[in-house]
Amino acid sequence: MIRLLLLLILLVMGIQDMKFRAISWYLFPVLAIVLLLLNPSLSLQNCLLNIGFVAFVLVLLTAWFSLKQGSMVNLTRRHLGMGDILFLLCLALFFSPVDFFLFYLFSLLLICMGTGAYLLLRRPANFTIPLAGLQGFVLILLLLASWIWKTAPGNGDFLPDLLSNVYERG
């Protein structure tokens, strides 16, 4: 039942982000609680490492855009939505640090490739990327695959184990 609730929350978040470029605030605490319930073995230390990684990425992005613009930049004004940050903080409560980093990297690569293809085909004006929504869709696919191949988050080998199982079973 918890798994179904998680899929429903991620689906609603994805649809909201795609349609409105915003996600209802109340979905984030619900998502965080559901993710914690699905992986109760994750330690506080791992959660703090993941949150530290998110903070590090935000500092790097702020520095990059500030240097590029020549003055201090507030990331949430033009470059990154607050929902994107809150979504990552929720995921920090679910994955081990290795799996969190791999999910972050893998989902960003997939989203960049998909967005690049979309922009080549459509060339829309004033395009923004619904990052949290798309990462939510990637997580849905990842979770479905993990439940089919019976791999579990939290041990640091979740994504490598999943990829290995998918490869071995075709």
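Whatever comes next refers back to the structure up there.
Right, let's walk through the structure included here. Keep in mind the model is a prediction, meaning the values are calculated, not measured. (Residues numbered from 1 in each chain as written. Predicted model: local features only at pLDDT ≥ 70, side-chain atom pairs only at ≥ 80, totals over all residues. Heavy atoms only, no water.)

**Considerations on the layout of surface pockets**
- Empty space within the largest pocket amounts to approximately 790 Å³.
- Contributing to the lining of the largest pocket are 32 residues, with His-79, Leu-80, Asp-84, Ile-129 and Leu-131 lying nearest its centre.
- Among the elements of the structure, helix H3 (44-69), helix H4 (75-78), helix H5 (82-91) and helix H6 (97-122) are those that each provide at least two residues to the lining of the largest pocket. (1 Å grid on protein atoms, 1.4 Å probe; cavity = no way out; pocket = protein on both sides within 12 Å on 5 of 7 lines; lining within 4 Å. Points joined across faces, edges and corners; volume = space filled by probe spheres on them. Helix = DSSP H or I, 4+ residues; strand = E, 2+ residues; numbered from the N terminus.)

**Let's talk about the packing of aromatic side chains**
- Evaluation of the coordinates by the stated rule reveals 7 aromatic pairs.
- A centroid spacing of 5.6 Å and a plane angle of 80° characterise the contact between Phe-53 and Phe-101, whose relative ring orientation is edge-to-face. Within this pair, whereas Phe-53 is found in helix H3, its partner Phe-101 is found in helix H6, the two being separated by 48 residues in sequence.
- Judged by relative accessible area, which is 21%, Phe-53 ranks as partly exposed.
- Exposure remark for Phe-101: the relative accessible area of 40% places this residue in the partly exposed category.
- A centroid spacing of 5.5 Å and a plane angle of 85° characterise the contact between Phe-53 and Tyr-104, whose relative ring orientation is edge-to-face. Here the residue Phe-53 occupies a position in helix H3, and Tyr-104 occupies one in helix H6, the gap between them amounting to 51 residues.
- According to the relative accessible area criterion, Tyr-104 is buried, its value standing at 14%. (Phe/Tyr/Trp six-rings, centres within 6.5 Å; stacked < 30°, edge-to-face > 60°. Buried < 20%, exposed > 50% of the residue type's maximum accessible area, 1.4 Å probe, protein only.)

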